[in-house]
Amino acid sequence: MTDILDIALRQVLDEGEGLSQGQVLEVLNLPDDRLQDLLALAHDVRMRWCGPEVEVEGIVSLKTGGCPEDCHFCSQSGKFESPVRSVWLNIPELVEAAKETAATGATEFCIVAAVRGPDERLMSQVRDGVKVINDAVEINIACSLGMLTQAQVDELAAMGVHRYNHNLETARSHFPNVVTTHSWEERWDTLRMVKDAGMEVCCGGIVGMGESVEQRAEFAGQLAELEPDEVPLNFLAPRPGTPFADYPLVEGTEALKTIAAFRLALPRTILRYAGGRELTLGDLGTREGMLGGINAVIVGNYLTTLGRPARQDLELLTELQMPIKALGRTL
C-alpha cells in the first residue's frame, strides 16, 4: 500500500492538487511518530503554493453579546448564562481599533458583530464605519455579520468590503449537534452569494466540538469544495455558561496534525491561526504550526478571549524569516 505522505508529495506538493476527504482521513490517522514528517511536508506545500509571506489581521467586535442564535461554543449567545453582556462600539472606537491594527503591520481589519444577520441599524453603522476607516487609515476591511440577504451582500460589495467571514464551523453532518437555531445550508447560501458578488470568502471553523476524526476530514473536503480565499482554524476554548463549557482541550499533537491535514487539502488557501491556539498549542506549538502549514495570524485579542500579545507573534515571524504580507498583494 502506498504511503499517504508519498501520495501527498506527488499530488499536492508537485501538482498542487489538494487531498480528497478520504486522503485527509488517512493523514489524520497517521501515528504520532509521523508528525514531524507530516509538518515538514505541509510546510513545503505552503512555501511552494503560497510563498513565505504571512498575512496579519486584527479583529474588533462592533456588537458584542446578545446574539439570538444558540451556537453551543459561543459565550455571546443570549440563550446561555455567560459573563458576556451586550455592548456596541461607537464609530470613533472602531476607527481607533483599525489604526491600532494597522500599526502592528496588519493588512486586514475585520469588523465583527454577534448577530443572526445584520438589521438596518447595524448596516448603517458598518456603512459609516467603513467610510471613516477608509478615510483614516490604509487597510483592507473585512466584515463578519452573520447570514446575509442578497441585497446586503450587494451593499457590502459596493462599500468596498474586501473579504467576508462566515464560518461553517464544522462538518455538515455534525452541525446539528453544535447549532439548532439555523442550518449549515443557510450559512453555505450566504457564502455562495458572497463569492458570486466578488468579495473574498473567509470560512473556517472550530476543532474540538465533539466531532469525530471522520467528520474533521469531511469538513476539510467541504471547505475544499467551497474554495474559500481564507480558512481561519480555531480550537475550542470552552467558555463558562455554554453547553461546551466542560469539553476537553484538543491535544497539541492532534491540533498540529489537523493543521497539516487542512494545508494538504487546501494547498493555495490562506490558512490562519485563530482562537484557541494559545491554550491548545502554547508557544512551542504555535511555532510548530507556523512551520506546518499556517500562513496567516490574528494578532492581539479575539472576540471574548485574550490572545498572545501582537509583539510575540511578530517577533516569531521575524525569527522564522517569514515576511509580513504587504497591503495590496495576494498570497
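Residues numbered from 1 in each chain as written. Predicted model: local features only at pLDDT ≥ 70, side-chain atom pairs only at ≥ 80, totals over all residues. Heavy atoms only, no water.

Description of the packing of helix H10 (residues 277-290) against helix H11 (residues 310-319)
Put simply, the rule reads: Axis lines are fitted to C-alpha atoms, over the contacting stretch for helices. Their N-to-C directions set the angle, which ranges from 0 to 180 degrees. Strands here mean DSSP runs of E at least two residues long; helices mean DSSP runs of H or I at least four residues long; both are numbered from the N terminus. Note on angle classes: values under 35 degrees are labelled roughly parallel, values over 145 roughly antiparallel, values of 65 to 115 roughly perpendicular, and the remainder oblique. Residue contacts are counted whenever heavy atoms from the two residues lie within 4.5 Å of one another. Polar here means any residue other than Ala, Val, Leu, Ile, Met, Phe, Trp, Tyr, Cys and Pro, which are nonpolar, and Asp, Glu, Lys and Arg, which are charged; Gly is therefore polar.
For the pair H10 and H11, interaxial distance at closest approach is 10 Å and the crossing angle is 20°. Considered as vectors, H10 and H11 are oriented roughly parallel to each other. Along the contact surface, H10 presents Arg277, Asp283, Thr286, Arg287 and Met290, while H11 presents Gln312, Asp313, Leu316, Leu317 and Glu319. Class assignment for the residues of the contact of H10 with H11 results in three nonpolar, two polar and five charged.

Here we look at the packing of helix H1 (residues 4-14) against helix H3 (residues 35-49)
Where H1 meets H3, the axes come as close as 10 Å, and the angle between the chain directions of the two elements is 10°. Considering the angle they form, H1 stands roughly parallel to H3. Facing H1, whose interface residues are Leu5, Ala8, Leu9, Val12, Leu13 and Asp14, H3 presents Asp37, Leu38, Leu41, Asp44, Val45, Arg48 and Trp49. In terms of residue class, the contact of H1 with H3 is built from nine nonpolar, no polar and four charged.

Observations regarding empty space enclosed by the protein
Counted only if it meets this: Cavities and pockets were defined on a 1 Å grid built over protein atoms only: a cavity is a set of grid points that admits a 1.4 Å probe from which the probe cannot escape, a pocket is an open set flanked by protein on both sides within 12 Å along at least five of seven lines, and lining residues are those with an atom within 4 Å of any such point. Grid points are joined across faces, edges and corners, and a volume is the space filled by probe spheres set on the points.
For the structure shown, the criterion picks out two cavities of 30 Å³ or more. What lines the second largest cavity is Glu169, Thr170, Ala171, Ile206, Val207, Glu211, Gln215, Arg216, Phe219 and Phe262. Of all the secondary-structure elements, those providing two or more residues to the lining of the second largest cavity are strand E7 (205-207) and helix H8 (213-226). Residue composition of the lining of the second largest cavity, by class: five nonpolar, two polar and three charged.

Some details on the UniProt feature "binding site: [4Fe-4S] cluster" (unreviewed entry) in the protein chain
To keep it simple, the criterion reads: UniProt positions are given in the numbering used here, feature names are shortened, and annotations may be inferred rather than shown by experiment. Each residue gets one of three labels from its accessible area relative to the maximum for its type: buried under 20%, exposed over 50%, partly exposed in between, using a 1.4 Å probe on protein chains only.
UniProt records the feature "binding site: [4Fe-4S] cluster" (unreviewed entry) for Cys67, Cys71 and Cys74 in the present numbering. Mapped onto the elements of the fold, Cys71 is located in the loop between strand E1 (55-64) and strand E2 (87-88). When its relative accessible area of 10% is taken as the criterion, Cys71 is described as buried. Look past the residues within four positions of Cys71 in its chain and what remains in contact with it is Phe80, Val178, Val179, His182 and Arg187.

Structural notes on the UniProt feature "binding site: [2Fe-2S] cluster" (unreviewed entry) in the protein chain
Summarizing the sequence annotation, UniProt attributes the feature "binding site: [2Fe-2S] cluster" (unreviewed entry) to Cys110, Cys202 and Arg272 in the numbering used throughout. Judged by maximum C-alpha separation, these annotated positions cover 163 residues in sequence but sit close together in space, the widest gap being only 13.5 Å. With near-sequence residues (within four places) excluded, Cys110 lies in contact with Glu57, Gly58, Ile59, Val60, Ala142, Cys143 and Ser144. Mapped onto the elements, Arg272 comes out in strand E9 (residues 270-273). Here Arg272 falls in the buried class, since its relative accessible area comes to 0%.

Concerning the pairing of strand E3 (residues 108-113)
As a reminder of what qualifies: When the strands point away from the viewer and the connection leading from the first strand across the helix to the second strand turns clockwise, the crossover is called right-handed.
Within E3, six of the six residues are buried, leaving the element largely enclosed by the surrounding structure. Neither face of E3 is open: one carries Glu108, Cys110 and Val112, the other Phe109, Ile111 and Ala113, and all of them are buried. The parallel pair E3 and strand E4 (residues 140-144) is bridged by helix H5 (residues 120-136), and the resulting crossover is right-handed.

Some words on the pattern of salt bridges
In plain terms, the rule: The term salt bridge refers to a side-chain nitrogen of Lys or Arg lying within 4 Å of a carboxyl oxygen of Asp or Glu.
This structure, assessed with the given rule, holds 22 salt bridges. A salt bridge links Glu69 to Arg116; its shortest N-O distance comes to 3.1 Å. Placement of the pair is Glu69 in the loop between E1 and E2 and Arg116 in the loop between E3 and H5, with a sequence separation of 47 residues. Taking the relative accessible area as the measure of exposure, Glu69 reaches 6% and is therefore buried. Three or more residues are tied together by salt bridges with common partners; here these are Glu55, Glu57, Arg163, Glu200, Glu230, Arg272 and Lys325.

Let's talk about the nonpolar core
Our working rule: For the purposes of this section, nonpolar cores are sets of buried Ala, Val, Leu, Ile, Met, Phe, Trp, Tyr and Cys residues that join through side-chain atoms within 4.5 Å.
Counting 98 residues, the largest nonpolar core has Ile133, Leu156 and Met290 as its most contacted members. If you tally residues by element for this core, the top one is helix H9 (residues 252-265), at eight residues. Aside from chain neighbours lying at most four places away, what touches Ile133 is Leu94, Val95, Ala98, Phe109, Ile111, Ile139 and Ile141. Listed in part, the six residues of the second largest apolar core include Ile59, Val112, Ala142 and Ile298.

Thoughts on the confidence of the model for the protein chain
Keep this limit in mind: pLDDT: the predictor's confidence for each residue, scored from 0 to 100.
Looking at the protein chain, pLDDT values average 91 and 93% of them are 70 or higher. Predicted confidence for residues 301-306 stays below pLDDT 50, and this span has 20 contacts to residues more than four positions away or in other chains.

Regarding unusual backbone geometry
Positive phi is not limited to glycine here, since Glu169 has a value of about 75°. Looking at the element boundaries, Glu169 is found in the loop between strand E5 (163-165) and helix H7 (184-196). Phi at Glu227 takes a positive value of approximately 60°, unusual for a residue other than glycine. The topology assignment puts Glu227 in the loop between H8 and strand E8 (230-235).

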